[in-house]
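Descriptive analysis of the structure
Residue-level listing of the chains:
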Amino acid sequence: MIRAITTAAVAALFATAALSVDQTAVEPSNAATATAGNLRLIHKQEDAFRNYDFTSYHVARNKVDWPINLVFYNAVTNVNIVKDDLNFAFNQTGSTMHGRVSDSGGQFFWDDDNGKKNALCSNPIHLSDAFHFRIYASPADSLFNLKWGFYAIASSHIDHDECWVHKWTGLSENAELAVAKAAALEYGQNAVHIDLHNFYNFEPLRREGSHIWLNDGWATFIRVPGSP
Amino acid sequence: VRLVGALTLAVGMLALLSPPTGATGGGVLVDRVGDWDLSRLGAPDLDPLVTPEQTESSAPFRLPPGSTQGPRRWYLIHMHIVPEVSLQSGSGLLSVIGSTDDHAAAEATIRVSARPGKPPLLRWSTFDLVNGSRKGTAHGERLDLDTQNYLQNRGVRGGANTLTFAVKSYGHVKVTRISVVRDSGIRVSNLSPPHLKLDASIPMRQVHTGDTFCLPYRLTDDGDRAAVRGAIGLQSLSGVLKVVGRRSRKFRRLAGGKNLTGCFHVHALRAGKARIDVSAGAENANHPAVSIAGRVSAASAPAQSSHSSPLASPLVVAIAAATGGSLWFRSRRRVQRRSPTDS
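Cut-offs applied
Residues numbered from 1 in each chain as written. Chains lettered and ligands numbered in written order. Predicted model: local features only at pLDDT ≥ 70, side-chain atom pairs only at ≥ 80, totals over all residues. Heavy atoms only, no water. Helix = DSSP H or I, 4+ residues; strand = E, 2+ residues; numbered from the N terminus. Buried < 20%, exposed > 50% of the residue type's maximum accessible area, 1.4 Å probe, protein only. Contact = heavy atoms within 4.5 Å. Areas by Shrake-Rupley, 256 points an atom, 1.4 Å probe, with all protein chains shown as cover. Disulfide = S-S within 2.5 Å. Pairing = 2+ DSSP bridges. Axes fitted to C-alpha atoms, helices over the stretch in contact; angles between N-to-C directions. Phe/Tyr/Trp six-rings, centres within 6.5 Å; stacked < 30°, edge-to-face > 60°. 1 Å grid on protein atoms, 1.4 Å probe; cavity = no way out; pocket = protein on both sides within 12 Å on 5 of 7 lines; lining within 4 Å. Points joined across faces, edges and corners; volume = space filled by probe spheres on them. Salt bridge = Lys/Arg side-chain N within 4 Å of Asp/Glu carboxyl O. pLDDT = per-residue confidence, 0-100.

All right, on to the overall build of chain A then. Helix and strand counts for chain A come out as three helices and 15 strands. Expressed as a percentage of the 228 residues in chain A, the buried residues total 62%. The long-range share in chain A, meaning contacts at least 24 apart out of those at least 6 apart in sequence, stands at 69%.

Written as structure tokens, this is what we have:
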């Protein structure tokens, strides 16, 4: 699928998505790792998956990274299809985290992904906010049910000033919006359904270590067409 | 590198298609159980058909008014393709998708790895509700892939529909052609997809520390098709109970209407609240689960020997549920709420 997506459109995508965070407004904690009290299994249709991704191969509230807040559905027969489609906006890769999904053999699997982001080593001189999403599926590289077709789940967050002082990471809700906007450019506005399903991972705005949580708990669904 | 739309591949796909004699506008009416292959849908001879620049082709068909996916009549897509990759192909990914009304239902993914001086390595996979996940590897330039899957719910509607086969290519894959074999098409069936139902419970009785008891289960496929490559497992979610022996049982095939029975052995380590989750699933089926919660009470006599029957134990007294309260184990089914071996 070839569309004329201008550089300005991509720049506007990220300029409007970022939320200015007053760091004094969120209470810092001494937590070394993030914790999420809403960690649970999400059962949708025939399948099941965890509603957060993880920093290690261990399902625990203090091992979560970010909430699952995106679903790419219909024709995601391989996660690389989505990555490639959105490469115009997210052309860098990040560190690897782990998603926990089931759709194969009745068992749960870890799926690793380093995701895609729009900038490396973000900083106030070049670009402060790097928007980063990671996408997960089963070992078959896809999940399938009769309602969503072939799909994959994703988490998202912002890496703010990674190569600078006062760096933080988080604001998943804003990153979700940025990915949704990029997807709207690629797949069309009608393909994006903001906050369609509740994944029960609401996170109020707060700081926990270097994590700044913000997620409304509702996942945005993005329809990937079956044809080029 | 993105090459979709600027494909170097020459894709041979199904050409379409003037309706056959008797068909009205919008294609052939698919109104009976059976195979509606491309010929029956009105397609001419399709194989091979090479059309440079062409990445998709469509065929119209019609369904009777009020058609839905199940519960009595089920619609499937059958995709039989022969992709051919150039010996000079670079590495990349090829995805062939069959869909109705742009609701994807059949997929074949081919990873192409270029090897200097050798034919490319082709690693393919398909995934569907009939056969589950299938994978394979081939050295060469040609594959023959056959897959069928249930249409998405929204891919079935009364009136005019469109069957489409499309190719997406990523990386440096160079395809010679992809043929859609003429036995591809729509299948109408009375067979529902596999659907697993799980029963697991402890007879209403008291459990004391030291008891080792059998937790019986019955996993039934109440769909028509077989569930393939699945498992049933359990997990104790507290330190009160410990699973003794096998925590899971795998199965290769569970035919429609058949069941799988057995039991897991669980040992009560100490008094307190306890919970056990029993769950199951298969590659091509749902993931039912049962959660059993209750309380283990302290033993009033020396602990029972391992693997003793709780009902035969003098410490274990079966009484009516009404008197159970929190001291008694109760089970509640939570269909599709948990899956095995999650930790």
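More follows now that the structure is in view.
Within chain B, the secondary structure is distributed over zero helices and 23 strands. Expressed as a percentage of the 343 residues in chain B, the buried residues total 54%. Long-range contacts, defined here as pairs at least 24 residues apart, represent 75% of the contacts in chain B between residues at least 6 apart. Only carbon and sulfur atoms are counted for the fraction: they give 50% of the accessible area of chain B, which is about 14100 Å².

Moving on, we get to the state of the cysteines. Residue and element names in this part refer to chain A. Enumeration over the complete set of coordinates arrives at two disulfides over all chains. Each sulfur in the disulfide pair cysteine 121 and cysteine 163 lies 1.7 Å from the other. Here cysteine 121 and cysteine 163 share a disulfide; its torsion about the S-S bond, -130°, makes the bridge left-handed. Within this pair, whereas cysteine 121 is found in the loop between strand E7 (116-117) and strand E8 (129-136), its partner cysteine 163 is found in the loop between strand E10 (149-160) and strand E11 (168-170), the two being separated by 42 residues in sequence.

This paragraph deals with the sheet that holds strand E16 (residues 212-221) of chain B. Residue and element names in this part refer to chain B. Here we have four strands laid out as an open sheet, ordered E15-E16-E20-E18, and antiparallel in their pairing. Single-partner strands in this sheet number two, and they are strand E15 (196-200) and strand E18 (241-244). Taken pair by pair, the neighbouring strands of this sheet meet at an average axis angle of 30°, ignoring direction. As paired elements, E15 and E16 share five bridges and run antiparallel to each other. By the bridge assignment, aspartate 199 is partnered in E16 with arginine 218.

The next subject is the sheet that holds strand E12 (residues 159-171) of chain B. All names here are of chain B. Spatial ordering of the open sheet is given by E2-E5-E12-E7-E8-E9-E10, a layout of seven strands whose pairing is mixed. Edge positions in the open sheet fall to strand E2 (28-29) and strand E10 (132-139), since each of these has one partner strand only. Looking at chain direction, strand E7 (residues 92-100) and E12 are connected through nine bridges and run antiparallel. Residue pairing across strands places serine 95 opposite lysine 168, the latter belonging to E12.

Residue and element names in this part refer to chain A. Within the secondary structure, threonine 220 is located in strand E15 (residues 218-224). Look at threonine 220 and you get buried, because its relative accessible area is 0%. When near neighbours in sequence (up to four residues on either side) are disregarded, threonine 220 contacts Asn69, Leu70, Val71, Glu176, Ala180, Val192, His193, Ile194, Asp195 and Leu196.

Attention now moves to the pairing of strand E13 (residues 203-208) of chain A. Residue and element names in this part refer to chain A. Pairing of E13 with strand E14 (residues 211-215), which is carried by four bridges, proceeds in the antiparallel orientation. Bridging across to E14, arginine 207 finds its partner in isoleucine 212. Connecting E13 to the next strand, E14, in antiparallel fashion are two residues, including glycine 209 with a positive phi near 60°.

Here the focus is the packing of aromatic side chains. Under the criterion given, the structure shown has 14 aromatic pairs over all chains. Ring geometry for Tyr57(A) against Trp110(A): centres 5.7 Å apart, planes inclined by 65°, an arrangement best described as edge-to-face. With Tyr57(A) in the loop between strand E3 (52-54) and strand E4 (64-75) and Trp110(A) in strand E6 (residues 107-113), the pair connects residues that are 53 residues apart, well separated along the chain. On the basis of relative accessibility, which here comes to 25%, the residue Trp110(A) falls in the partly exposed class. Taking the centre distance of 5.8 Å and the plane angle of 85° together, the rings of Trp74(B) and Tyr150(B) count as edge-to-face.

All names here are of chain B. In this model, glycine 70 is joined to proline 71 through a cis peptide bond whose omega is 0°. As for its placement among the helices and strands, proline 71 is situated in the loop between strand E5 (56-63) and strand E6 (74-85). Despite not being glycine, aspartate 102 has its phi angle at roughly 60°, a positive value. Summarising the element assignment, aspartate 102 is placed in the loop between E7 and strand E8 (103-115). Take aspartate 102: its relative accessible area is 25%, and that puts it in the partly exposed class.

A water-sized probe, rolled over the atoms, reveals where empty space remains. Here the largest pocket is characterised by a volume of approximately 300 Å³. Ser95(A), His157(A), Asp159(A), Glu162(A) and Thr169(A) are, among the 17 residues lining the largest pocket, the residues nearest its centre.

Here we come to the pattern of salt bridges. Overall, the coordinates contain 12 salt bridges over all chains when judged by the stated rule. Here Lys117(A) makes a salt bridge to Asp159(A), at a shortest N to O gap of 2.9 Å. In this pair, Lys117(A) is assigned in strand E7 and Asp159(A) in strand E10, connecting sequence segments 42 residues apart. Using a relative accessible area of 3% as the deciding quantity, one classes Lys117(A) as buried. A salt bridge links Arg157(B) to Asp101(B), with the shortest nitrogen-to-oxygen separation between them at 3.4 Å. Of this pair, Arg157(B) sits in the loop between strand E11 (145-150) and E12 while Asp101(B) is found in the loop between E7 and E8, placing the two residues 56 residues apart along the sequence. The exposure class of Arg157(B) is partly exposed, given its relative accessible area of 42%. What makes Asp101(B) buried here is its relative accessible area of 14%.

The subject of this paragraph is the confidence of the model for chain B. Residues and elements named next belong to chain B. Residues of chain B with pLDDT of at least 70 account for 76%, and the chain-wide mean is 78. Contacts for the low-pLDDT stretch residues 1-24, under 50 throughout, to residues beyond four places or in other chains number 82 contacts. Segment residues 303-341 is flagged for pLDDT under 50; beyond a separation of four residues in sequence, or across chains, it makes 124 contacts in the model. Interface confidence for the predicted complex, expressed as ipTM, amounts to 0.81; the pTM equals 0.80.

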